[in-house]
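# Commentary on secondary and tertiary structure
Now for the letters of each chain:
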Amino acid sequence: GSCAMLGLRRLTAHQLRAFAAFAGEIPHDAIQKSFVLSSGPGGQNVQKNATKAQIKVKLDDSATWLDNDLRMAVVRRLANRINSSGEVVIESDRTRERSLNLTDALDKLRSTIYEVQREMGARKETEEDVAVVRERAARAAHFRLAEKRRESAKRENRQSHAEL
């Protein structure tokens, strides 16, 4: 079905819920936008026009547009960007145009949420996984050392023939 087309065949129920938790849409009423003087590119323009975009988003219990677990994980990830009012503050002064900086700030927020969501759905490494990796490394090291011994013997063999 449609899950197979999206590559969701092997996801667990928890992973599917995390996938559905954020579809990329941030409600307009959840965002407070402002523009301030920029230090970015733009020459004299940046001293005259407020082109740096600043968005503030409250990620408290009122943020019903995010799954609660995902919201808490995003708050942990962006803890250093939360102001005293409990708002996540994201800025962009990448360009000299307001609209592009606003879009960039929103993209930063959106990509952070996607990244956190992806990490939440990631499979946790088990002790069995670690043991398998360790076994493969040991087997590879054994093979590599055996190959070195064969190559060494081959070179030694050449030298003994040259002395005859």
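Residue positions are given per chain, counted from 1 along the sequence in the order it is written. Side-chain atom pairs in this predicted model are given and counted only at pLDDT of 80 or more, local residue features only at pLDDT of at least 70, and totals for whole chains, interfaces and linings cover all residues. To get the side-chain values, all heavy atoms of the structure are used, and hydrogens and water are removed first.

Applicable threshold: UniProt positions are given in the numbering used here, feature names are shortened, and annotations may be inferred rather than shown by experiment.
Per an unreviewed UniProt entry, the chain goes by the name Large ribosomal subunit protein mL62 and belongs to Pristionchus mayeri. According to its UniProt record, the chain has this under Sequence similarities (unreviewed entry): "Belongs to the prokaryotic/mitochondrial release factor family. Mitochondrion-specific ribosomal protein mL62 subfamily."

### Quick word on the pattern of salt bridges
Basically, it comes down to this: Whenever Lys or Arg places a side-chain nitrogen within 4 Å of a carboxyl oxygen from Asp or Glu, that contact is recorded as a salt bridge. Comment: elements are numbered from the N terminus, with helices defined as DSSP H or I runs of at least four residues and strands as E runs of at least two.
By the definition in use, this model includes nine salt bridges. Arg139 is the salt-bridge partner of Glu135, the closest N and O atoms lying 3.5 Å from each other. Of the two residues, Glu135 and Arg139 are both situated in helix 6 (residues 127-162); the distance of four residues between them amounts to about one turn of the helix.

### A word on the pairing of strand 3 (residues 87-92)
Cut-off, in case you're wondering: Categorising residues by exposure relies on relative accessible area from a 1.4 Å probe, with only protein chains included: less than 20% of the type maximum marks a residue as buried, more than 50% marks it as exposed, and the intermediate range marks it as partly exposed. The rule for pairing is simple: two strands pair if DSSP sees at least two bridges between them.
The element strand 3 is largely enclosed, with a buried count of five among its six residues. Bridge count between strand 2 (residues 52-58) and strand 3: six bridges; the pairing is antiparallel. What sits directly across from Gln54, in strand 3, is Glu91.

### Here's the deal with the confidence of the model for the chain
Put simply, the rule is: Known as pLDDT, the predictor's per-residue confidence is scaled from 0 to 100. Only heavy atoms enter the contact rule, under which two residues are in contact if any of them lie within 4.5 Å.
Here the chain averages 82 in pLDDT, and 82% of its residues register 70 or above. Per-residue pLDDT stays below 50 along residues 1-9; that stretch engages in five contacts with residues further than four places along the chain or on separate chains.

### Thoughts on the packing of helix 4 (residues 68-77) against helix 5 (residues 98-121)
Our working rule: Helix axes are fitted only over the stretch in contact, all axes being lines through C-alpha atoms; the angle between N-to-C directions runs from 0 to 180 degrees. Roughly parallel refers to an angle under 35 degrees, roughly antiparallel to one over 145, roughly perpendicular to one between 65 and 115, and oblique to any angle outside these ranges. Crossing handedness is read from the near helix: turned anticlockwise from the far helix by less than a right angle, it gives a left-handed crossing, and turned clockwise, a right-handed one. Note that Gly is not counted as nonpolar here; it falls among the polar residues with everything else outside the nonpolar set of Ala, Val, Leu, Ile, Met, Phe, Trp, Tyr, Cys and Pro and the charged set of Asp, Glu, Lys and Arg.
It is at 10 Å that the axes of helix 4 and helix 5 come closest, and there the two elements cross at 115°. One element, helix 4, and the other, helix 5, form an angle in the roughly perpendicular class. Crossing of helix 4 against helix 5: the hand is right-handed. Along the contact surface, helix 4 presents Asp69, Leu70, Ala73, Val74 and Arg77, while helix 5 presents Thr112, Ile113, Glu115, Val116, Gln117, Glu119 and Met120. A breakdown of the residues in the contact of helix 4 with helix 5 according to their chemical character gives six nonpolar, two polar and four charged.

### Focus: the sheet that holds strand 2
Hydrogen bonding along the main chain pairs the strands of a sheet, whether they run parallel or antiparallel. Read across the open sheet, the three strands follow the order 1-2-3; overall the sheet is antiparallel. Among the strands making up the open sheet, the edge pair consists of strand 1 (31-36) and strand 3. In this sheet, neighbouring strand axes are inclined to one another by 20° on average, regardless of whether the strands run parallel or antiparallel.

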